[in-house]
Amino acid sequence: MVDGVAERMGKSKEYAMKIYKTAFTMNALVDRLRDFSKRDIDTIVYSFTSRDLNAVVKDFMQKYNIQYLGNGLTIHVQYSPDSVLCHMDKEQFLRVFQNIFDNSVKYKDKEEANAYLTIKAVGKEVEILIKDDGPGVSEYELDYIFESYYRGDPSRTNPTSGSGLGLSVVKNIVTAHHGRVEAYNDGGLAIKITIPLRR
């Protein structure tokens, strides 16, 4: 691409997509190594401050959206119409979103898939709903997917890839934010995170 060969061959877009996919894979490998280096997840040091959740999600989209597009996942976001202030660790919460969407990529059953993130204030809490249009999981799996090293039903796509820590890390980070997380099937896998609004 640097030498202009790809452009002359009309393959600039194809090669660029390969680069994005490779970068995405390398990023996932680095995150996986970080998870293994912190197997005792309770030792994570948090830095809490007041954040607008809308702004945190926008920052996530700016950093990672192109990577997910390159891997066949389009993320649709519905922001809260008002500011949603929470006491949170921004970097750790970015990991929450990344781990969930990485799973959407890993288990998608079509070349071009979609995921939806909705932010909604409900009373003294904020609900973050993340859904994809993938195959979902069995009812049996719903009881186990947040456990460490659980990697899913062998009949699912790429069941042996990953550390089995992604959703366990999500649960631990959400719990550290005094929140709750649950999973259910709704035309794909849906994960609902609830954390308190700033008092």
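The coordinates are above.
Residues numbered from 1 in each chain as written. Predicted model: local features only at pLDDT ≥ 70, side-chain atom pairs only at ≥ 80, totals over all residues. Heavy atoms only, no water.

*Asks:* I'd like a rundown of the sheet that holds strand E5 (residues 125-132), residues and numbers included.
*Replies:* If you walk across this open sheet you meet the 5 strands as E2-E4-E5-E7-E6, and the pairing is mixed. Edge positions in the sheet fall to strand E2 (73-78) and strand E6 (180-185), since each of these pairs with one other strand and no more. Within the sheet, the average angular offset between the axes of one strand and its neighbour, ignoring direction, is 15°. Bridge count for E6 against strand E7 (residues 189-196) is 6 bridges, and the pairing is antiparallel. Residue Tyr184 lies in a different strand from E7, and its bridge partner there is Ala190. Helix-sheet contacts for helix H4 (residues 90-107) involve E2, strand E4 (113-122), E5 and E7, and the interaxial angle to E5 is about 25°. (Pairing = 2+ DSSP bridges. Helix = DSSP H or I, 4+ residues; strand = E, 2+ residues; numbered from the N terminus. Axes fitted to C-alpha atoms, helices over the stretch in contact; angles between N-to-C directions. Contact = heavy atoms within 4.5 Å.)

*Asks:* Outline the packing of aromatic side chains, supporting the account with residue identities and numerical values.
*Replies:* Inspection of every chain in the model, using the stated rule, returns 8 aromatic pairs. Between the aromatic rings of Phe60 and Tyr68, the centroid separation amounts to 6.2 Å while the plane-to-plane angle is 35°, which identifies the pairing as tilted. Ring centres of Phe93 and Phe97 lie 5.6 Å apart, and the angle between their planes is 70°; on these two criteria the pair is classed as edge-to-face. With Phe93 and Phe97 both in helix H4 and 4 residues apart, the pair spans about one turn of that helix. Assigned by exposure class, Phe93 and Phe97 land together as buried. Each residue in the set Phe60, Tyr64, Tyr68, Phe93, Phe97 and Phe101 is aromatic and connected to the rest through ring pairs, giving one cluster. A cation over an aromatic ring shows up here: Lys58 above the ring of Tyr79, its NZ or CZ 5.2 Å from the ring centre. (Phe/Tyr/Trp six-rings, centres within 6.5 Å; stacked < 30°, edge-to-face > 60°. Buried < 20%, exposed > 50% of the residue type's maximum accessible area, 1.4 Å probe, protein only. Lys NZ or Arg CZ within 6 Å of the ring centre and 35° of its normal.)

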